[in-house]
Amino acid sequence: MKTIEVDEELYRYIASQTLHIGESASEILRRMLNFTPAMVVPEGVADSANIAVVSAKTERSALSSAERSGKISELLLSDQYNEQKNAVDRFLLILSVLYQINKNDFSDATESLHGRTRIYFSNNQETLLKNGRHTKPKAVPETPYWVITNTNSERKRSMVEYIMTAMQFPAELIEQTCSSI
């Protein structure tokens, strides 16, 4: 990832185009410019302009869209999920399954997901403890990630919605998953 400098006025304009919490400047610009990963920038052009060239993700999940959705549906119907008594445990199970479905997409989504003053995800507990009081970090099962858990249920839903949207799940499945937290 490279850094580019923009003036204050342009920065405010880009920030005003944010559609959801945690959306990165790169995501906003990609949307505004209708930039798709298939677009090719001629070699040397990006270097001479001092801008980053983000290569397309060549590796999509080995699972088909239907299989990926099936994994989430399976989780939502499972006894393990439905026996969870609180939102934190359901939240952690969802995150764990999303990671198992596609580690790279999950990693990309969580990297750009943070609050105004807090980091939500990290690969260590200490980072989360340093970036907020009373964050109550918990390990996401079967992943190298830690997540803050002292957020309200609505914030947990918005984090899951953000990750699932970034991972390109169908909107109705995202809504169903979020409402189950």
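Residues numbered from 1 in each chain as written. Predicted model: local features only at pLDDT ≥ 70, side-chain atom pairs only at ≥ 80, totals over all residues. Heavy atoms only, no water.

If you check an unreviewed UniProt entry, the chain appears there as Negative modulator of initiation of replication from Budvicia aquatica. The UniProt entry for the chain carries this comment under Subunit (unreviewed entry): "Homodimer. Polymerizes to form helical filaments." What the UniProt record of the chain gives under Subcellular location (unreviewed entry) is the line "Cytoplasm". (UniProt positions renumbered as here; feature names shortened; annotations may be inferred.)

Trainee: Provide a residue-level description of the overall build of the chain, including the pertinent values.
Mentor: Helix and strand content of the chain: 10 helices and three strands. Its helices and strands taken in sequence order, the chain reads α-α-α-α-α-α-α-β-α-β-β-α-α from the N to the C terminus. The buried share among the 181 residues of the chain stands at 33%. Put simply, 58% of the contacts in the chain that link residues at least 6 apart link residues at least 24 apart. Looking at the chain as shown, the accessible area adds up to about 11,500 Å², and 51% of this sits on carbon and sulfur atoms. (Helix = DSSP H or I, 4+ residues; strand = E, 2+ residues; numbered from the N terminus. Buried < 20%, exposed > 50% of the residue type's maximum accessible area, 1.4 Å probe, protein only. Contact = heavy atoms within 4.5 Å. Areas by Shrake-Rupley, 256 points an atom, 1.4 Å probe, with all protein chains shown as cover.)

Trainee: Summarise the sheet that holds strand β2 (residues 138-139); cite the residues concerned and give the values.
Mentor: Taken in spatial order, the three strands make up an open sheet running β1-β3-β2, and their pairing is antiparallel. Each edge of the open sheet is held by one strand with a lone partner, namely β1 (121-122) and β2. Here β1 pairs with strand β3 (residues 146-147) via two bridges, running antiparallel. By the bridge assignment for β3, phenylalanine 121 is matched with valine 147. (Pairing = 2+ DSSP bridges.)

Trainee: Any chance you could break down the packing of helix α4 (residues 65-77) against helix α10 (residues 171-179) for me, citing the residues and the numbers?
Mentor: Between α4 and α10, whose axes approach to 11 Å, the crossing angle comes to 25°. In terms of orientation, α4 lies roughly parallel with respect to α10. Crossing of α4 over α10 shows left-handed handedness. Side by side, α4 and α10 meet where Ser69, Ile72, Ser73 and Leu76 of the first sit next to Leu173, Gln176 and Thr177 of the second. (Axes fitted to C-alpha atoms, helices over the stretch in contact; angles between N-to-C directions. Parallel < 35°, antiparallel > 145°, perpendicular 65-115°, else oblique. Left-handed = near helix turned anticlockwise from the far one by under 90°.)

Trainee: So what's going on with the environment of lysine 138? Which residues, and what values?
Mentor: Position of lysine 138 among the secondary structure elements: in strand β2. Linking lysine 138 and aspartate 89, residues 49 residues apart in sequence, is a C-alpha distance of 9.9 Å. Setting aside its immediate chain neighbours within four residues, lysine 138 contacts Val88, Leu92, Tyr145, Trp146, Val147 and Thr149.

Trainee: I'd like a rundown of the pattern of salt bridges, residues and numbers included.
Mentor: A full pass over the atoms with the stated rule returns one salt bridge. Salt-bridge contacts for glutamate 154 lead to arginine 157; the nearest nitrogen and oxygen are separated by 3.2 Å. With glutamate 154 and arginine 157 both in helix α9 (residues 153-166), this residue pair falls three residues apart, about one helical turn. (Salt bridge = Lys/Arg side-chain N within 4 Å of Asp/Glu carboxyl O.)

Trainee: Could you give an account of the nonpolar core, naming the residues involved and the relevant values?
Mentor: Among the nonpolar cores identified, the biggest contains 36 residues, and Ile72, Leu95, Leu98, Phe106, Phe121, Ile163 and Phe169 are the most heavily contacted of them. For this core, the secondary structure elements donating two or more residues are α4, α6 (87-101), α7 (103-111), α9 and α10. With 11 residues, the single largest contributor to this core is α6. With near-sequence residues (within four places) excluded, leucine 95 lies in contact with Phe106, Phe121, Val140, Val147, Val160 and Ile163. (Core = buried A, V, L, I, M, F, W, Y, C linked by side-chain atoms within 4.5 Å.)

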